[in-house]
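Spelled out from the first residue to the last, the chains are:
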Amino acid sequence: MTVRHPFERLLSAYRDKFFRNDDSLRETNKANKFYDIYGKEIIAKYRDPAKSQQDPEYEFAPTFVEFVDYLLDTDALEYNEHWLPYYLQCLPCHLNYTMVAKTETLTFDSEQIILELNQRGLNIHNNRTKLLANLHKSSVNLPSKLYFEELDKERVKALYDKYEIDFKMFDYSIEPYLTYAANTLGVGNKIKSFN
C-alpha cells in the first residue's frame, strides 16, 4: 500500500480535477466534468457574489478556500474517491498490509520492499526503484505553502479533524500546514499557479 500526506493528496486532487493540466480534450473534459458535478455547486454555495472572483481562472473552478469549505460542510462518506480519507476507501485496518510506503519517502521505501521481496526469492532489480521515485516526484514538490496560506488556522484544524484517522494511522503531522495558515478568517483565495 502506498499512502501520501492527507493534505498533499487533497491539494493534488483539487488541482488535478478542477483545472486542466494541458490543452488536451481529455483534460478539458475532466475539468468540465468536475465543474458540473462539484464546482458549480461549490461556487454557488461558497462564493460571495459581492466579492465575485475577478480572476478568470476561477470562473469554472472553486478556489481552494471554497473547496475546503465544501469539504468541511460535507460528510466524509459523501466525498469523491479522490478526496475520500484512506480509512474509508481502502480499509487498511481490515487488511494485513506487511508494508506501507509513503510517496514522501518512496525511493527508500521501494528499496526496502525490493529487499524484502528478494529475500522471499523474487528477483527484482533496483532500477525499478528509480522509476517509481520518478513517477511520484511531482507529488512531493507541491507548493502547499501557497495554498495553505489562503486558509485560516481554524479551517486547517477542522480539515485535520476530517482526516485525523489518516494522519494518525500513517504517522503524518498537521505541521507545517498549520504554520502556513493565516491567523484570521477570510484571507485570500486566488492561488492556482504553481510554476
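For the structure itself, consult the block above.
As the structure is a computational prediction, the values presented were derived from the model and not from experiment. (Residues numbered from 1 in each chain as written. Predicted model: local features only at pLDDT ≥ 70, side-chain atom pairs only at ≥ 80, totals over all residues. Heavy atoms only, no water.)

Trainee: Explanation requested: the overall build of the protein in the structure shown.
Mentor: Broken down by element type, the protein carries 10 helices and two strands. In the protein, the order of α-helices and β-strands from amino to carboxyl end is β-α-α-α-α-β-α-α-α-α-α-α. Split into buried and exposed, the 195 residues of the protein put 43% on the buried side. Look at the contacts in the protein between residues 6 or more apart in sequence, and 71% of them connect residues 24 or more apart. (Helix = DSSP H or I, 4+ residues; strand = E, 2+ residues; numbered from the N terminus. Buried < 20%, exposed > 50% of the residue type's maximum accessible area, 1.4 Å probe, protein only. Contact = heavy atoms within 4.5 Å.)

Trainee: Just to check I follow, could you spell out the packing of helix 1 (residues 6-18) against helix 2 (residues 25-46) for this structure?
Mentor: When two helices pack together, their arrangement is given by the angle between the helix axes and by the axis-to-axis distance. The N-to-C vectors of helix 1 and helix 2 enclose an angle of 115°; their axes lie 8 Å apart at closest approach. Judged on the interaxial angle alone, helix 2 and helix 1 are roughly perpendicular. For the pair helix 1 and helix 2, the contacting residues are Asp 16, Lys 17 and Phe 18 in the first and Lys 30, Ala 31, Phe 34, Tyr 38, Gly 39 and Ile 42 in the second. Of the residues in the contact of helix 1 with helix 2, the class split is five nonpolar, one polar and three charged. (Axes fitted to C-alpha atoms, helices over the stretch in contact; angles between N-to-C directions. Parallel < 35°, antiparallel > 145°, perpendicular 65-115°, else oblique. Nonpolar A, V, L, I, M, F, W, Y, C, P; charged D, E, K, R; others polar.)

Trainee: Help me understand the environment of Phe 34 in this model?
Mentor: Take Phe 34: it is sitting in helix 2. For Phe 34, a relative accessible area of 5% gives the class buried. With residues up to four places along the chain from it excluded, the contact list for Phe 34 reads Lys 17, Phe 18, Gly 39, Asn 80, His 82 and Trp 83.

Trainee: I'm lost on the pattern of salt bridges in this one. Help?
Mentor: If the charged atoms of two oppositely charged side chains come close together, the side chains can form a pair. Following the criterion strictly, the structure yields 11 salt bridges and no others. Linking Lys 17 and Asp 16 is a salt bridge whose minimum nitrogen-to-oxygen distance equals 3.0 Å. Residue Lys 17 is classed as buried on the basis of its relative accessible area of 12%. According to the relative accessible area criterion, Asp 16 is partly exposed, its value standing at 26%. (Salt bridge = Lys/Arg side-chain N within 4 Å of Asp/Glu carboxyl O.)

Trainee: What's the story with the environment of Thr 103 in this structure? I'm lost.
Mentor: As for its placement among the helices and strands, Thr 103 is situated in the loop between strand 2 (101-102) and helix 5 (106-119). Under the relative-accessibility criterion, Thr 103 is labelled buried at 8%. Distance in space between the C-alpha atoms of Thr 103 and His 5 is 8.1 Å, their sequence separation being 98 residues.

Trainee: Hey, could you run me through the side chain of Arg 47 in this one?
Mentor: Tracing the backbone shows Arg 47 in the loop between helix 2 and helix 3 (64-73). When its relative accessible area of 12% is taken as the criterion, Arg 47 is described as buried. From its side chain, Arg 47 meets the backbone oxygen of Tyr 58 in a polar contact 2.9 Å long. Only 3.1 Å separates the side chain of Arg 47 from the backbone oxygen of Ala 61, close enough to count as a polar contact. (Polar contact = N/O pair within 3.5 Å; in protein donor to acceptor, adjacent residues only side chain to side chain.)

Trainee: Explanation requested: the packing of aromatic side chains in the structure shown.
Mentor: Given two aromatic rings, one states the distance between the centres and the angle between the planes to describe the pair. Counting across every chain of the model gives 26 aromatic pairs. On the basis of an interplanar angle of 65° and a centroid distance of 5.4 Å, the ring pair of Phe 64 and Phe 148 is categorised as edge-to-face. Taken together, the residues Phe 64 in helix 3 and Phe 148 in helix 7 (residues 144-148) connect sequence positions 84 residues apart. Each of the two residues, Phe 64 as well as Phe 148, counts as buried. Taking the centre distance of 5.0 Å and the plane angle of 80° together, the rings of Phe 67 and Trp 83 count as edge-to-face. In this pair, Phe 67 sits in helix 3 while Trp 83 sits in the loop between helix 3 and helix 4 (86-89), placing the two residues 16 residues apart along the sequence. Classification of Phe 67 as buried rests on a relative accessible area of 0%. Against the face of Tyr 86 rests Arg 9, its NZ or CZ located 4.4 Å from the ring centre. (Phe/Tyr/Trp six-rings, centres within 6.5 Å; stacked < 30°, edge-to-face > 60°. Lys NZ or Arg CZ within 6 Å of the ring centre and 35° of its normal.)

Trainee: Looking at this structure, how should I read a nonpolar patch on the surface?
Mentor: On the surface, Leu 95, Tyr 97 and Val 100 cluster together to form a nonpolar patch covering roughly 250 Å² of accessible area. The residue Tyr 97 is located in the loop between helix 4 and strand 2 in this model. (Patch = residues over 30% accessible without salt bridge, like charges linked within 9 Å, V, L, I, M, F, W, Y side chains within 5 Å. Areas by Shrake-Rupley, 256 points an atom, 1.4 Å probe, with all protein chains shown as cover.)

Geometry only, nothing functional implied.
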